[in-house]
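So the chains spell out like this:
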Amino acid sequence: MDLFNTSERTQQYQRDLRSFMDECVYPAESEYEKQMAAAGDPHHHPQIVEDLKTEARARGLWNLFHPHPEWGPGLTNLEYAPLAEIMGRSAHLAPEACNCSAPDTGNMEVFTLFGTQEHKERWLEPLLNGTIRSAFAMTEPAVASSDATNIQLRMARDGDHYVLNGRKWFASNALHKNCKVLIVMGKTDPDAPKHRQQSMMVVPIDAPGVTVMRNLPVFGYADREGHAEIDFSDVRVPVTDVLKGEGEGFAISQARLGPGRIHHCMRAIGMAERALELMCARAESRITFGQKLSERANIQDWIAEARIDIEQARLLTLKAAWMMDTVGNKAARVEIAAIKIAAPEMALRIVDRAIQVHGGAGVTDDFPLASMYAHLRTLRLADGPDEVHKRAIARAELGKFRAGA
């Protein structure tokens with residue numbers, strides 16, 4: 001990070017966050033598991049999470065993601081990136097403890113940039129206070145949602161309201177006990193230009209006609225926050241709850257996803273770092289055929305390659321964050337696409353090898369590796385699958401070549 005001349009303030013946040021992780025978050029992981037098991041409800045909200053939130057807020061480690069000084073510490077993407085990595089080491093606890101969880105982070109930025117005063121009072125302030133949670137409803141089961149222009153949920157104007165009809169799924173966080181509001185993307189004008197057909201609207205999760213149909217498991221895991229399939233049947237939304245204006249949905253989605261991809265990738269790097277530590281510890285403690293695993297050449301290769309891969313992915317992600325801060329998201333689009341491919345692939349490879357070193361224990365819940373693997377594999381689809389990002393990079397490279405030719 002010294003290459004990027006980070007400020008003393010940012011370095012202090014890193015030190016404080018590492019202390020919080022060591023003193024509070026890692027010790028809480030076993031208690032979290034106990035409280036979840038005792039509840040017998042995969043969507044239970046355990047008290048230990050609220051305890052961690054109280055402690056994080058007392059330590060000044062709250063809303064660290066928010067770039068607007070009115071609502072958070074006002075860190076740049078580059079300054080926040082290492083904090084996201086640290087929190088990623090315990091991704092199921094630390095981000096929520098610091099009120100830095102997806103999709104709330106993106107939704108809070110959308111409310112900040114595009115919400116009305118009423119939206120800010122009713123939804124943004126409780127989200128910033130950590131008293132409610134939110135979900136983002138874009139992906140649909142009936143269309144390839146990696147192309148956002150495919151979205152079919154209909155938003156038909158009816159006087160002072162829009163009437164919503166359609167089906168969404170993978171609305172992450174919608175099963176969280178504190179989820180109160182959805183940001184929904186749908187089609188308001190099928191005849192408009194391709195990128196002006198979509199709009200985003202604010203919809204309370206308990207609005208008439210909104211039905212949470214089921215939770216979608218991720219590789220068999222029922223995540224506590226849930227990934228909901230939601231039916232919208234004649235849901236009436238006041239025109240005042242359209243964000244930014246009709247036809248602005250695609251533009252909002254692009255503004256929302258840039259910072260979110262930095263957060264996702266840095267959390268993935270944090271998972272990879274922890275997986276590498278677990279791999280080293282296991283390799284040192286296990287003996288096969290009279291020799292420590294750590295003394296075997298192939299294991300040493302895995303450890304060395306993991307360190308190289310982590311450093312490469314981190315530098316690429318930090319470069320993307322720096323470019324977003326200095327030249328803007330549009331100019332950094334190739335780097336943003338590249339990290340979204342590189343970071344999850346890298347982390348998956350390291351977690352997979354760590355599982356192999358752990359043997360049968362690696363696929364159990366005795367270690368966090370199996371859960372890490374499931375969530376990292378999902379990340380290769382979230383916010384656009386690898387193939388979409390590769391397409392964007394290839395088109396940019398071909399564009400440069402053709403211009404030069």
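In what follows, the accompanying structure is described. Bear in mind the structure is a predicted one, so any value in this text is a computation, not a measurement. (Residues numbered from 1 in each chain as written. Predicted model: local features only at pLDDT ≥ 70, side-chain atom pairs only at ≥ 80, totals over all residues. Heavy atoms only, no water.)

**A closer look at the side chain of His-176**
Step number 1: Relative to the elements of secondary structure, His-176 occurs in the loop between β3 (161-172) and β4 (179-187).
Step number 2: In terms of polar contacts, His-176 uses its side chain to reach the backbone amide nitrogen of Asn-178, at 3.0 Å.
Step number 3: Here His-176 is in contact with His-45, Glu-96, Arg-133, Arg-224 and Glu-225, once residues within four sequence places are set aside. (Helix = DSSP H or I, 4+ residues; strand = E, 2+ residues; numbered from the N terminus. Polar contact = N/O pair within 3.5 Å; in protein donor to acceptor, adjacent residues only side chain to side chain. Contact = heavy atoms within 4.5 Å.)

**Regarding the pattern of salt bridges**
Opposite charge on two side chains makes pairing possible when the charged atoms of those side chains draw close.
Step number 1: Under the defined criterion, the tally for this structure stands at 29 salt bridges.
Step number 2: As a salt-bridge pair, Lys-168 and Glu-140 come within 2.9 Å of each other at their nearest N and O atoms. Here Glu-140 lies in the loop between β1 (133-137) and β2 (154-158) and Lys-168 lies in strand β3, a separation of 28 residues in the sequence.
Step number 3: Looking at Glu-140, the relative accessible area reads 4%, which means it is buried.
Step number 4: When the shortest N-O distance is used, the salt bridge between Arg-349 and Asp-309 registers 3.1 Å. Separated by 40 residues along the polypeptide, Arg-349 in helix α9 (residues 333-358) and Asp-309 in helix α8 (residues 297-326) bring together distant segments of the chain.
Step number 5: We classify Asp-309 as buried; its relative accessible area is 17%.
Step number 6: Three or more residues are tied together by salt bridges with common partners; here these are Glu-85, Glu-273, Arg-307, Glu-311 and Arg-314. (Salt bridge = Lys/Arg side-chain N within 4 Å of Asp/Glu carboxyl O. Buried < 20%, exposed > 50% of the residue type's maximum accessible area, 1.4 Å probe, protein only.)

**Regarding helix α6 (residues 117-129)**
Each α-helix winds once per 3.6 residues, and so residues spaced three or four apart point in a common direction.
Step number 1: Under the 1.5 Å per step criterion, the end-to-end length of α6 is 17 Å for 13 residues, consistent within 8% with the ideal 18 Å.
Step number 2: Of all the bends in α6, the greatest reaches close to 35° and is centred on Trp-123; the proline Pro-126 follows between one and four positions later.
Step number 3: Regarding α6, the residues found buried are His-119, Lys-120, Trp-123, Leu-124, Pro-126, Leu-127 and Leu-128.
Step number 4: In this fold, the buried residues of α6 make contact with α5 (104-114), β1, β4 and β5 (198-204). (Expected span 1.5 Å × (residues − 1). Bend = angle between axes of the 7 residues up to and from the residue.)

**A closer look at the pairing of strand β7 (residues 227-238)**
Step number 1: Both β3 and β7 contribute to a ladder of nine bridges, which runs antiparallel. Paired with Leu-164 across the bridge in β7 is Val-235.
Step number 2: Bridge analysis of strand β6 (residues 210-215) against β7 gives five bridges, and the strand direction is antiparallel. Among the inter-strand pairings, Asn-215 is bridged to a residue of β7, identified as Ala-228. (Pairing = 2+ DSSP bridges.)

**Here's the deal with the nonpolar core**
Step number 1: In this structure, Phe-20, Tyr-80 and Ile-350 are the most contacted members of the largest nonpolar core, which totals 90 residues.
Step number 2: Here this core takes 14 residues from helix α7 (residues 249-285), the largest share from any one element.
Step number 3: If you look at the next biggest cluster of nonpolar residues, it comprises 22 residues, including Ala-137, Ala-228, Ile-230 and Phe-232. (Core = buried A, V, L, I, M, F, W, Y, C linked by side-chain atoms within 4.5 Å.)

**A look at the packing of aromatic side chains**
Step number 1: Applying the stated criterion to the full structure yields one aromatic pair.
Step number 2: Centroid distance Trp-169 to Phe-170: 5.1 Å. Interplanar angle 65°. Geometry classified as edge-to-face.
Step number 3: Owing to a relative accessible area of 36%, Phe-170 belongs among the partly exposed residues under this scheme. (Phe/Tyr/Trp six-rings, centres within 6.5 Å; stacked < 30°, edge-to-face > 60°.)

**Focus on α5**
Step number 1: For α5, the tally of buried residues reaches 10 of 11 residues, placing the bulk of the element in the interior.
Step number 2: Turning to α5, its buried residues are Asp-104, Thr-105, Gly-106, Asn-107, Met-108, Glu-109, Val-110, Phe-111, Thr-112 and Phe-114.

**Brief notes about the pairing of β5**
One face of the sheet, then the other: side chains in a regular strand alternate in exactly this way.
Step number 1: Most of β5 sits out of view: seven of its seven residues are buried.
Step number 2: Burial along β5 is two-sided: the face carrying Gln-198, Met-200, Val-202 and Pro-204 and the face carrying Ser-199, Met-201 and Val-203 are both buried.
Step number 3: Of the strand pairs in this sheet, β4 and β5 are connected by seven bridges, and their pairing is antiparallel. What sits directly across from Ile-183, in β5, is Val-202.

**Re unusual backbone geometry**
Step number 1: Following Ala-102, the chain continues into Pro-103 via a peptide bond in cis, with omega recorded as 0°.
Step number 2: Relative to the helices and strands, Pro-103 is located in the loop between α4 (94-97) and α5.
Step number 3: With phi around 55°, Phe-170 is a residue other than glycine that occupies positive phi space.
Step number 4: Within the secondary structure, Phe-170 sits in strand β3.
Step number 5: The phi dihedral of Phe-289 falls on the positive side, at around 55°, and the residue is not glycine.
Step number 6: As for its position among the elements, Phe-289 is in the loop between β8 (287-288) and β9 (291-292).

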